[in-house]
Amino acid sequence: MLRQVAEGVLIHQSEFCQSNAVVVQGRTGVLLIDPGIYGSEMACLANDLSDSGQSVVAGFSTHPHWDHLLWHARFGAAPRYGTPRCAATIRDRLSGPRWKDSIAGMIPPDIAEQISWDLFGLITGLPAEMAQVPWDGPQVRIIEHQAHAPGHAALLIEERGVLVAGDMLSDVLIPMLDLNGTADPIEAYLAALRLLEGAAGDVDVLVPGHGSIGGADQVHARIDQDSAYAHALRDAGVPSDPRVGPSATFGKDWLPGVHERQLQRLAQRSERDGTPG
Ligand SMILES: [Zn+2]
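Residues numbered from 1 in each chain as written. Predicted model: local features only at pLDDT ≥ 70, side-chain atom pairs only at ≥ 80, totals over all residues. Heavy atoms only, no water.

**Q** Which residues make up the overall build of the protein, and what are the values?
**A** Counting secondary structure elements, the protein contains seven helices and 11 strands. Expected size for 277 residues packed as a compact globule is a radius of gyration near 19 Å; at 18 Å, the protein falls within 12% of this value. Considering only C-alpha atoms, the protein reaches an extent of 55 × 45 × 40 Å along its principal axes. Contacts spanning at least 24 positions in sequence make up 63% of the contacts within the protein whose residues lie at least 6 apart. Within the structure as shown, the protein displays about 12,200 Å² of accessible surface, and the carbon and sulfur contribution to it stands at 51%. Across the protein, 20 positive and 34 negative side-chain charges occur, with their mean positions spaced 5 Å apart. (Helix = DSSP H or I, 4+ residues; strand = E, 2+ residues; numbered from the N terminus. Rg over C-alpha atoms; globule rule 2.2 N^0.38 Å. Contact = heavy atoms within 4.5 Å. Areas by Shrake-Rupley, 256 points an atom, 1.4 Å probe, with all protein chains shown as cover. Lys, Arg positive; Asp, Glu negative; His and termini not counted. Charge placed at Lys NZ, Arg CZ, Asp CG, Glu CD.)

Here it is, written out as structure tokens:
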């Protein structure tokens, strides 16, 4: 079911990790950001759109992780965009002979069987200098940063006061660093948070890739919380963060031990090349 979060901006939430698909209404149709997970849920979204006489005129994937790259035939053949690094990363992955196995290996089987890979990852990289999604609707500014995944982008819909954060600023998942993409993943993450803070001054609605929609107060609260987590990682400390440990919404079922694994990988990195974190 579609839920309006701002004028002309609606979300469709998946049962998988509270994933939020975002619909932005334009003049001739909608922009669909991170469309969803299960085939049945995307079909439901397609129904909701066609019932209200709307068609998809463009898609956007915030980053090259599998749960942001799916599509449903009923959304049609609209162009699907991402940043150049996002598109290059997924192109690389799809060029491998066993990409489906390698992705399916990360997903519990009961979830994998509800997913269709038919139109997976068909993303066109926008030119690097393009600062906005090219479409006929409210301006959607691309805020690219190197955190969480290569070419990760948040989208700012200024005239609607909405920040679509991709896999940043979640209230249910801790920051997950891109541990392969940059020399100093913790600093890259903190730089990304500063970038979002600078861009989000007038935001009234925060839509994370996973978790609850936040109001204006949540933008800064979540930036502070994520920044505190990143600092705790740097100091190899124990974060006092409700998203870690037994109280975590998805800590036990979907993503057990993410925090411990991040600590471990960071320690291995600094041992290997002598750099901090
Ligand atoms: Zn992700």
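Don't stop here, the text continues.
**Q** Go over helix H2 (residues 84–95), please, and point to the residues and values.
**A** For H2, which comprises 12 residues, the first-to-last C-alpha distance of 16 Å matches the rise-based estimate of 16 Å (1.5 Å per residue) to within 8%. By the burial criterion, the buried members of H2 are Cys86, Ala87 and Ile90. The buried residues of H2 occupy an angular sector of 95° when the element is viewed end-on, so they sit on one face. In H2, those exposed residues whose orientation departs by more than 90 degrees from the buried face are Arg91, Asp92 and Ser95. Turning to H2, the residues buried within the fold contact strand S6 (80–82), strand S7 (124–125) and strand S9 (149–157). (Expected span 1.5 Å × (residues − 1). Buried < 20%, exposed > 50% of the residue type's maximum accessible area, 1.4 Å probe, protein only. Arc of directions from axis to C-beta.)

**Q** Explain empty space enclosed by the protein residue by residue, including any values.
**A** Remark: the empty space left among the atoms is shown by a probe the size of a water molecule rolled over them. Using the criterion set out here, one finds four cavities of 30 Å³ or more in the structure. Taken as a whole, the largest cavity holds about 80 Å³ of empty space. Along its surface, the largest cavity is lined by 13 residues, and Asp167, Met168, Ser170, Leu173 and Ile174 are the ones closest to its centre. Classifying every residue of the lining of the largest cavity by side-chain character gives seven nonpolar, three polar and three charged. (1 Å grid on protein atoms, 1.4 Å probe; cavity = no way out; pocket = protein on both sides within 12 Å on 5 of 7 lines; lining within 4 Å. Points joined across faces, edges and corners; volume = space filled by probe spheres on them. Nonpolar A, V, L, I, M, F, W, Y, C, P; charged D, E, K, R; others polar.)

**Q** How would you sum up the environment of Ser102? Please name residues and give values.
**A** Secondary-structure assignment places Ser102 in helix H3 (residues 99–104). Taking the C-alpha atoms as reference points, Ser102 and Ala192, 90 residues apart in sequence, are found 28 Å from one another.

**Q** Help me get a handle on the sheet that holds strand S4 (residues 30–33), residues and values and all.
**A** Overall, mixed pairing links the seven strands, which are arranged S1-S2-S3-S4-S5-S6-S7 in an open sheet. This sheet does not close on itself; its edge strands, each paired only once, are strand S1 (3–6) and S7. Across two bridges, the pairing between S6 and S7 is parallel. Within the sheet, the bridge partner assigned to Gly82 lies in S7 and is Gly125. (Pairing = 2+ DSSP bridges.)

**Q** Account for the coordination of the zinc ion, naming residues and giving values.
**A** Ideal donor angles around a metal are set by the shape: a four-donor tetrahedron calls for 109.5 degrees, a six-donor octahedron for 90 or 180 degrees. At this site the zinc ion is bound by His63 (NE2), His65 (ND1), His148 (NE2) and Asp167 (OD), with donor distances of 2.1 to 2.2 Å. Classification of the site at the zinc ion as irregular follows from its four donor atoms and the range of 89 to 175° in their angles at the metal. Along the chain, the residues donating to the zinc ion fall in the pattern H-x1-H-x82-H-x18-D. Here Asp167 lies in the loop between strand S10 (162–166) and helix H5 (185–199) and His148 lies in the loop between strand S8 (141–147) and S9, a separation of 19 residues in the sequence. Taking relative accessible area as the criterion, His148 reaches 6% and is therefore assigned buried. What makes Asp167 buried here is its relative accessible area of 13%. (Donors = N, O, S within 2.8 Å, 3.2 Å for Na, K, Ca; no water. Tetrahedral: all angles 85-135°; square planar, octahedral: opposite > 155°, others 65-115°.)

**Q** Mind laying out unusual backbone geometry, listing which residues take part and the relevant values?
**A** The phi torsion at Cys17 lies on the positive side, around 55°, for a residue other than glycine. Position of Cys17 relative to the elements: it lies in the loop between strand S2 (9–13) and strand S3 (20–25). Positive phi values are uncommon outside glycine, yet His148 reaches one of about 70°.

**Q** Go over the sheet that holds strand S11 (residues 205–208) with me, naming the residues and quoting the values.
**A** Taken in spatial order, the four strands make up an open sheet running S8-S9-S10-S11, and their pairing is mixed. Every other strand in the sheet has two partners, leaving S8 and S11 as the edge strands with one partner each. Taking each pair of neighbouring strands and ignoring which way they run, the sheet shows an average axis angle of 20°. As judged from the six bridges shared by S8 and S9, these two strands associate in the antiparallel manner. Residue pairing for S9: Glu144 is matched across the bridge by Ala153. (Axes fitted to C-alpha atoms, helices over the stretch in contact; angles between N-to-C directions.)

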